[in-house]
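# Observations on chain architecture
Here is what each chain is made of, one letter per residue.
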Amino acid sequence: MKIKVLIADDNAFVREGMKIILSTFDDIEVSATVQDGAEASDYCERHEVDVALLDVRMPNMNGVEATKRIAERTKTKPLILTTFDDDRFIVEAIKNGAKGYLLKNNDPERIRDAIKTVHYGHNVLQDEALEKLKSGLAAEEERGAARRADIDLAPFTERELDIMTFIAKGATNKEISKKLFLSEGTVANHITSILGKTGLTHRTQIAIYYLTGEVHPSE
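Below, the structure is looked at part by part. (Residues numbered from 1 in each chain as written. Predicted model: local features only at pLDDT ≥ 70, side-chain atom pairs only at ≥ 80, totals over all residues. Heavy atoms only, no water.)

## What about the overall build of the protein?
When you go through the protein residue by residue, the secondary structure sums to eleven helices and six strands. When burial is assessed residue by residue, the protein has 46% of its 219 residues classed as buried. About 10800 Å² of surface is accessible on the protein, with carbon and sulfur atoms providing 49% of the total. (Helix = DSSP H or I, 4+ residues; strand = E, 2+ residues; numbered from the N terminus. Buried < 20%, exposed > 50% of the residue type's maximum accessible area, 1.4 Å probe, protein only. Areas by Shrake-Rupley, 256 points an atom, 1.4 Å probe, with all protein chains shown as cover.)

This is the structure:
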């Protein structure tokens, strides 16, 4: 069965070009193209869409706002596809429920793979975007003690809080396992427990929660 994709971009050339490219893949069906976030959200509410490919900068409703509305009201998985100078939107998009953040200058195969990854329940964050996010989290970590006071510590074990600290610094499961002398499987189990207690869905949201005290689960 083909993955049904919606493309939202206010640039007609980009929008239609992306439709032509994605339509060449046997496993993807472009259900519709729209020019702003409001149209994207409305379409996803009225039709069955697997993945919504959203630009950030759009009139009427931008991609970050559309992400929140789509995540809250539909089963569609939002995937941000934008330019690198939109990196300030990374955290907000993820907090709003984006399942991925990808740059427009990727090869078509990379975009197709990202759509498939998101469709099958995983998350995609481009390396450049991840570095921007980690830099921002590192700056926030300098104020981490004050921010950590915003978190209700009661539900978490000491080990879970340790792991949350490392996640907020951008550490991988392998790096965390070495620092805490745990197996990667044990680290993964702790992360699963943290996700269950917070209602979050992936590790990037854990980092944001740790640093801000805010919970923004995605549907």
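Right, picking up where we left off after that structure.
## Description of the nonpolar core
Grouped together as the largest cluster of nonpolar side chains are 24 residues, with contacts concentrated most on L6, A40, L54, I80 and Y101. Elements with a minimum of two residues in this core: β1 (3-8), β2 (28-34), α2 (37-46), β3 (51-54), α3 (63-73) and α4 (90-95). In terms of nonpolar packing, the next biggest core, distinct from the first, is built from 20 residues, A168, A171, I191 and I194 among them. (Core = buried A, V, L, I, M, F, W, Y, C linked by side-chain atoms within 4.5 Å.)

## Considering the packing of aromatic side chains
Enumeration over the complete set of coordinates arrives at one aromatic pair. The interplanar angle of 55° and the centroid separation of 6.2 Å between the aromatic rings of F156 and Y209 together place this pair among those described as tilted. Highlighted residues: F156 in the loop between α7 (144-148) and α8 (158-168) and Y209 in helix α11 (residues 203-212), separated in sequence by 53 residues. In this structure, F156 and Y209 share a single accessibility class: buried. (Phe/Tyr/Trp six-rings, centres within 6.5 Å; stacked < 30°, edge-to-face > 60°.)

## Focus: the pattern of salt bridges
The final tally for this structure, using the stated rule, is 13 salt bridges. Here D9 and K104 are joined by a salt bridge, their closest N and O atoms 2.8 Å apart. Placement of the pair is D9 in the loop between β1 and α1 (12-22) and K104 in the loop between β5 (100-103) and α5 (108-119), with a sequence separation of 95 residues. Judged by its relative accessible area of 26%, K104 falls in the partly exposed class. Here R69 ties to D42 by a salt bridge, and the two come within 2.8 Å at their closest N and O atoms. Residue R69 is located in helix α3, and its partner D42 is located in helix α2; the two are separated by 27 residues in the primary sequence. Within the structure, one salt-bridge network assembled from shared partners comprises D27, R112, D113 and K116. (Salt bridge = Lys/Arg side-chain N within 4 Å of Asp/Glu carboxyl O.)

## Remarks on the pairing of β5
Residues G100 and L102 line one face of β5 and the alternating positions Y101 and L103 line the opposite face, and both faces are buried. Two elements, strand β4 (residues 77-82) and β5, share four bridges in a ladder whose sense is parallel. Within β5, the position partnered with I80 by the bridge is Y101. Pairing of β5 with strand β6 (residues 124-125), which is carried by two bridges, proceeds in the parallel orientation. Within β6, the position partnered with G100 by the bridge is V124. In the classification by handedness, the crossover that spans β5, the intervening α5 and the parallel β6 is left-handed. (Pairing = 2+ DSSP bridges. Right-handed = clockwise from strand over helix to strand, strands pointing away.)

## What to know about α5
For α5, which comprises twelve residues, the first-to-last C-alpha distance of 16 Å matches the rise-based estimate of 16 Å (1.5 Å per residue) to within 8%. Here α5 has its buried residues at I111, R112, A114, I115 and V118. All buried residues of α5 fall inside an arc of 160° around its axis, so they share one side. Remark: G121 follows α5 within two positions and exhibits a positive phi of approximately 95°. (Expected span 1.5 Å × (residues − 1). Arc of directions from axis to C-beta.)

## Examining the sheet that holds β4
Spatially, six strands are ordered β2-β1-β3-β4-β5-β6 in an open sheet, and the strand pairing comes out parallel. At either margin of the open sheet sits one strand with a lone partner, and together these are β2 and β6. In this structure, β1 lies alongside β3, joined through four bridges in parallel fashion. Following the sheet pairing, I7 is matched in β3 by L53. Here α1 sits on the sheet in contact with β1, β2, β3 and β4, set at roughly 170° to β2. The strands touched by α5 are β1, β2, β3, β4, β5 and β6; relative to β4, the strand with the most contacts, the crossing angle is about 155°. (Contact = heavy atoms within 4.5 Å. Axes fitted to C-alpha atoms, helices over the stretch in contact; angles between N-to-C directions.)

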